[in-house]
Structure formats: C-alpha cells, structure tokens
Amino acid sequence: MIGAIEAGGTKFVCAVSDENFNIVERVSFKTTHPEETMKNVFSFFDSYKELKAIGIGSFGPIDINKSSTKYGYITSTPKPGWRDFNFLGEIKKHYNIPIGWTTDVNAACLGEYEMGSAAENKSCIYLTIGTGIGGGAILNGNFVEGFGHPEMGHILVKPHLKDNFKGWCPYHGNCLEGLAAGPSVEKRYGTKAQNLENNHEIWQILAYYIAQALVNYSLILRPEKIILGGGVMKGPGMLELIKEEFNVLLADYIEIPPVDEYIVKPSLGDNAGIIGGLILARKLAFESI
Ligand code: ADP
Ligand code: ZN
C-alpha cells in the first residue's frame, strides 16, 4: 500500500492505493486551519498500518531545499495559519516511512508524465490556471528545480491593448497570475469568470497572457509537451484561443511538435495530482537505493 496527499489551498485530497495505483480509498476535505486539516489527514492514514510510503504534492511556496532549516515547510503563503508551517515535519512525526515532498503542480506534472498526456514524452510542463497560476516541469525524468522550485505563475507579461486592469498579485501587480488567474476576472468585472458569455473579450485577453507565458517556457525549457489544467481552462474555447495566440507570438522561431499535440489538457483530469503523489510514493517505497 502507498499513500498520497494532494494539498491544495482550497481542498485536500488523500488517497491510498496498491502498488499498481488501484485506489483503495480516497477522501477530500476543505483546507481549514493546519491543526484541523492535519487531524483529518492523520485520521485517514492511521487506519492503513501497512503503508510503505506517502507522496505529498503541496500548495506553496514550499521549501524543497534539503539543506535549508525550513526544508519541508510551506513558506510565504498568505493563507491564514499556513505560513511557515512544517508540513513534512508533521507528517514524518506521525509516520516512520519514506515521505515524498514536492509542489502540487510537480505532482500533477509527474502524474501526466508517467501515466497521462505526456506518457510518451521525455519532457513536459504542467501549468494550472485556477485561483492562482503555478507550473511544474520534468526534463528527462527529473523535476526542474534549482535554489527552489519554479514559480511559473509570476513571470512578467506585456499588457493586452484592450486590458487596462492593473493586476492583483500582491507582489507584482500585473504578473501572469495577477492578470490571468481566475480571480482577476472577478476583479475586472465584478462577477466570476464562469458567468461571462462565450463571446466576451476576456477569453481572448486571458489567452493572450497565457500564450505569452507558454512561448517563454517553450523558449527556455524546450519541452515536448505543455499540459494546461485548472478552472480557467474550462472557459469557452480557451485551449483553441491559446494555441492560436501561441502560434502568432512564437512566429515559428523554434521547432515545436504540431501545436495540437504540444499544448493539451491533462488526460488524467483532476486526478493528475493525486496519481502523481502515488507515483512519488511508489518510487520511494520500491525504487530507492
Ligand atoms: P483551485 O485553483 O483553487 O484549485 P480551480 O482550478 O477550480 O481551483 O480554479 C478556480 C478558478 O477557476 C476560479 O477563479 C473560477 O472562477 C475559475 N473557473 C471555474 N470554472 C470556470 C469556467 N467555466 N470558465 C472560466 N473560469 C472558471
Ligand atoms: Zn506575481
């Protein structure tokens, strides 16, 4: 048995599966205060005494630097109670088994890389465009990370000519997340994105920002595939609009796979993160040194 935690800012998903990822049990609960949330996590896993490892994909930013004193912490989140919370430490205190620790988007990226849209590829990027924007990348089987994990949501983009919104990122104002995450739509128009009509200009505006980001990621990382998830991708025609804008902005400068195979949705859907967590756990349980 292996376990996984998909720790999101809105909800937590916990699951236990066999070694072939057949899910035995899965629960989901709201992300509230850390104490209460962790109580729910423990009460789920406590009944599985034969658990061999747990993989965690967490909302962030998180500390992934093993030599840091805050390794395993959620760091500068504005989410009440979670700032500087020693997530990995709490889990390790309760379970004396290998625990995998990475970002929620890295976990989803791993799920898609091993078992989803990028299963045939050697590299991919997973980007979620929801309440926030975050991305993870895998090149030749390894997560892309350096001093910390990538922060693909906070790159700088040029404004759309029809968009005079100043952006809502508390750090940068009009970075990608500030201009194109779901809440930016509500802040512009006073209603949620899902309430706006299909021919509203916002879809083109969002696609323009997201396409700019994809051009930048493509130029820097040269991935074989880019997978786009998150609630905003449910907007009318978003994938097609993004691909069109992407082609215009890239201007054929570099060779990429055919765009319909290059920019895609997650084939694991909402399960990408939890499956990625299980893959992480299985690697630790059965493939470690
Ligand atoms: P989270 O990022 O919190 O995990 P989601 O990925 O579901 O959650 O993203 C939530 C965001 O997606 C909200 O800002 C919401 O307005 C937006 N959203 C949900 N449905 C749609 C839709 N059909 N079209 C555009 N945006 C949507
Ligand atoms: Zn920002």
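Residues numbered from 1 in each chain as written. Chains lettered and ligands numbered in written order. Predicted model: local features only at pLDDT ≥ 70, side-chain atom pairs only at ≥ 80, totals over all residues. Heavy atoms only, no water.

## Let's talk about the side chain of S218
At step 1: If you trace the backbone, S218 turns up in helix α6 (residues 202–221).
At step 2: In this structure S218 comes out as buried when scored by relative accessible area, which is 0%.
At step 3: A distance of 2.6 Å separates polar atoms of two side chains, one belonging to S218 and the other to Y262.
At step 4: Filtering out sequence-adjacent residues up to four positions away, S218 remains in contact with P223, I226, F246, I254 and Y262. (Helix = DSSP H or I, 4+ residues; strand = E, 2+ residues; numbered from the N terminus. Buried < 20%, exposed > 50% of the residue type's maximum accessible area, 1.4 Å probe, protein only. Polar contact = N/O pair within 3.5 Å; in protein donor to acceptor, adjacent residues only side chain to side chain. Contact = heavy atoms within 4.5 Å.)

## Remarks on the packing of helix α3 (residues 104–115) against helix α9 (residues 272–286)
At step 1: The contact between α3 and α9 brings their axes to 6 Å, and the two run at 80°. Taken together, α3 and α9 sit at an angle that is classed as roughly perpendicular. Across from A107, A108, L110, G111, E112, E114 and M115 in α3, the residues of α9 making contact are A272, G273, I275, G276, G277, I279, L280 and K283.
At step 2: Considering only residue class, the contact of α3 with α9 consists of 8 nonpolar, 4 polar and 3 charged. (Axes fitted to C-alpha atoms, helices over the stretch in contact; angles between N-to-C directions. Parallel < 35°, antiparallel > 145°, perpendicular 65-115°, else oblique. Nonpolar A, V, L, I, M, F, W, Y, C, P; charged D, E, K, R; others polar.)

## Considering the packing of aromatic side chains
At step 1: For the coordinates displayed, the defined rule picks out 14 aromatic pairs.
At step 2: Between F12 and F29, the ring centres sit 5.9 Å apart and the planes meet at 20°, which makes this aromatic pair stacked. Of this pair, F12 sits in strand β2 (residues 11–17) while F29 sits in strand β3 (residues 23–30), placing them 17 residues apart in sequence.
At step 3: What makes F12 buried here is its relative accessible area of 0%.
At step 4: The class for F29 is buried, based on a relative accessible area of 14%.
At step 5: These aromatic residues form a ring-pair network of at least three members: F12, F29, F59, W82, F85, F87 and W101. (Phe/Tyr/Trp six-rings, centres within 6.5 Å; stacked < 30°, edge-to-face > 60°.)

## Let's talk about the coordination of the zinc ion (ligand 2)
At step 1: Donor atoms from the polypeptide that bind the zinc ion (ligand 2) are H154 (ND1), C169 (SG), H172 (ND1) and C175 (SG), placed at 2.1 to 2.4 Å.
At step 2: Its 4 donor atoms give the zinc ion (ligand 2) angles of 104 to 119° at the centre, a pattern that matches the tetrahedral case.
At step 3: For the zinc ion (ligand 2), all donor residues lie on one chain, and their spacing in sequence is H-x14-C-x2-H-x2-C. Separated by 15 residues along the polypeptide, H154 in the loop between β8 (142–143) and α4 (176–180) and C169 in the loop between β8 and α4 bring together distant segments of the chain. (Donors = N, O, S within 2.8 Å, 3.2 Å for Na, K, Ca; no water. Tetrahedral: all angles 85-135°; square planar, octahedral: opposite > 155°, others 65-115°.)

## Some details on the pattern of salt bridges
At step 1: Using the criterion set out here, one finds 7 salt bridges in the structure.
At step 2: K93 is the salt-bridge partner of E90, the closest N and O atoms lying 3.0 Å from each other. Of this pair, E90 and K93 both sit in helix α2 (residues 87–94), separated by 3 residues, roughly a single helical turn.
At step 3: Look at E90 and you get partly exposed, because its relative accessible area is 22%.
At step 4: According to the relative accessible area criterion, K93 is exposed, its value standing at 65%. (Salt bridge = Lys/Arg side-chain N within 4 Å of Asp/Glu carboxyl O.)

## A short note on the environment of R222
At step 1: By the secondary structure assignment, R222 is in the loop between α6 and β9 (226–229).
At step 2: On the accessibility criterion, R222 (43% relative accessible area) is partly exposed.
At step 3: For the pair R222 and I125, spaced 97 residues apart in sequence, the C-alpha to C-alpha distance is 9.7 Å.
At step 4: For R222, the contacting residues outside a window of four places in its chain are S123, Y217, I254 and E255.
At step 5: A polar atom in the side chain of R222 sits 2.8 Å from the backbone oxygen of E255.

Function cannot be inferred from these measures alone, as they are strictly geometric.
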